[in-house]
Amino acid sequence: MQARIGTESVSDWVAVTQGMIDQFAAATGDHQFIHVDPVAAAQTPFGGTIAHGFLTLSLMPLLASKVPDAPRIAGTKMGVNYGGNSVRFLSPVRSGSRVRGRFTLLSFDEKRPGQWQQTNAFSVEIEGQEKPALIAEWISQIFV
């Protein structure tokens, strides 16, 4: 993994559907009309419903799983989120859009025997748009 620091990986595209948005609203209690009411949301500058910012962020594991030939650490028992150094929501993700993840490994350090910490720059790109939906620097811990 040390040799991969600075390398970039890109996931396959994933559709963000209204059903996905509705399920996220149900799970979080965030039923703001811009997410769940297509008629009312059509009257906003967004022109329709948009995904919750936290839904977009929560796609990180799914998008990471869709990176072809992603490196795997032998003997991994589990991986956990440790936190983020930064997260910025830059563009809304319209219902029906396709997104993909772009990951750049920034660091990979042994914290103690069998426990490693990795930091990735992460962005969610929206198909057909130049500006990403979000950018983040995210920290995970891996236990082997």
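Structural notes, computed from the coordinates.

Calculation rules
- Residues numbered from 1 in each chain as written.
- Predicted model: local features only at pLDDT ≥ 70, side-chain atom pairs only at ≥ 80, totals over all residues.
- Heavy atoms only, no water.
- Helix = DSSP H or I, 4+ residues; strand = E, 2+ residues; numbered from the N terminus.
- Buried < 20%, exposed > 50% of the residue type's maximum accessible area, 1.4 Å probe, protein only.
- Contact = heavy atoms within 4.5 Å.
- Lys, Arg positive; Asp, Glu negative; His and termini not counted.
- Charge placed at Lys NZ, Arg CZ, Asp CG, Glu CD.
- Pairing = 2+ DSSP bridges.
- Salt bridge = Lys/Arg side-chain N within 4 Å of Asp/Glu carboxyl O.
- Polar contact = N/O pair within 3.5 Å; in protein donor to acceptor, adjacent residues only side chain to side chain.
- Arc of directions from axis to C-beta.

### Examining the overall build of the protein chain
The number of helices and strands found in the protein chain is five helices and six strands. Counting from the amino terminus, the protein chain carries its helices and strands in the arrangement β-β-α-α-α-α-α-β-β-β-β. Principal axes of the C-alpha set define a box for the protein chain whose edges measure 55 × 30 × 25 Å. Out of the 144 residues belonging to the protein chain, those deemed buried represent 38%. The contacts in the protein chain between residues at least 6 apart in sequence include a share of 70% that link residues at least 24 apart. Considering the protein chain, the positive charge centre built from 12 side chains and the negative charge centre built from 12 side chains are found 4 Å apart.

### Digging into the pairing of strand 6 (residues 134-143)
Counted residue by residue, strand 6 has seven buried out of 10 residues, so it is predominantly covered. Of the strand pairs in this sheet, strand 3 (residues 78-89) and strand 6 are connected by 10 bridges, and their pairing is antiparallel. Its bridge partner being in strand 6, Gly84 is matched across the sheet by Trp138. Pairing analysis gives 10 bridges linking strand 5 (residues 115-126) to strand 6, with the strands arranged antiparallel. By the bridge assignment for strand 6, Phe122 is matched with Ala136.

### Considerations on the pattern of salt bridges
One pass over the full model with this rule turns up four salt bridges. Here Glu8 ties to Arg102 by a salt bridge, and the two come within 2.7 Å at their closest N and O atoms. With Glu8 in strand 1 (residues 8-10) and Arg102 in strand 4 (residues 98-112), this pair connects stretches of sequence that are 94 residues apart. Residue Glu125 is joined to Arg100 by a salt bridge in which the shortest nitrogen-to-oxygen separation is 2.7 Å. Taken together, the residues span a long stretch of sequence, with Glu125 in strand 5 and Arg100 in strand 4 at a distance of 25 residues. Under the relative-accessibility criterion, Glu125 is labelled buried at 17%. Assessed through its relative accessible area of 22%, Arg100 is described here as partly exposed. One continuous salt-bridge network, built from bridges that share partners, spans Glu8, Arg100, Arg102 and Glu125.

### A closer look at the side chain of Ser11
Among the secondary structure elements, Ser11 is positioned in the loop between strand 1 and strand 2 (14-15). Only 2.8 Å separates the side chain of Ser11 from the backbone nitrogen of Gly101, close enough to count as a polar contact. Leave out the neighbours within four places in its chain, and Ser11 touches Leu63, Lys66, Val67, Pro68, Arg100 and Gly101.

### Quick word on helix 1 (residues 18-28)
Owing to its 3.6 residues per turn, the α-helix aligns residues three or four sequence positions apart on the same side. Residues of helix 1 that are buried: Gln18, Ile21, Phe24 and Ala25. Angularly, the buried residues of helix 1 cover 120 degrees about the axis, an arc narrow enough to put them on a single face. With respect to the buried face of helix 1, the exposed residues turned more than 90 degrees away are Gln23, Ala26 and Ala27. Residues of helix 1 that are buried in the fold lie against helix 2 (33-36) and helix 4 (53-58). Of the residues flanking the end of helix 1, it is Gly29, one or two places downstream, whose phi is positive at about 80 degrees.

All we've got here are geometric facts, nothing functional implied.
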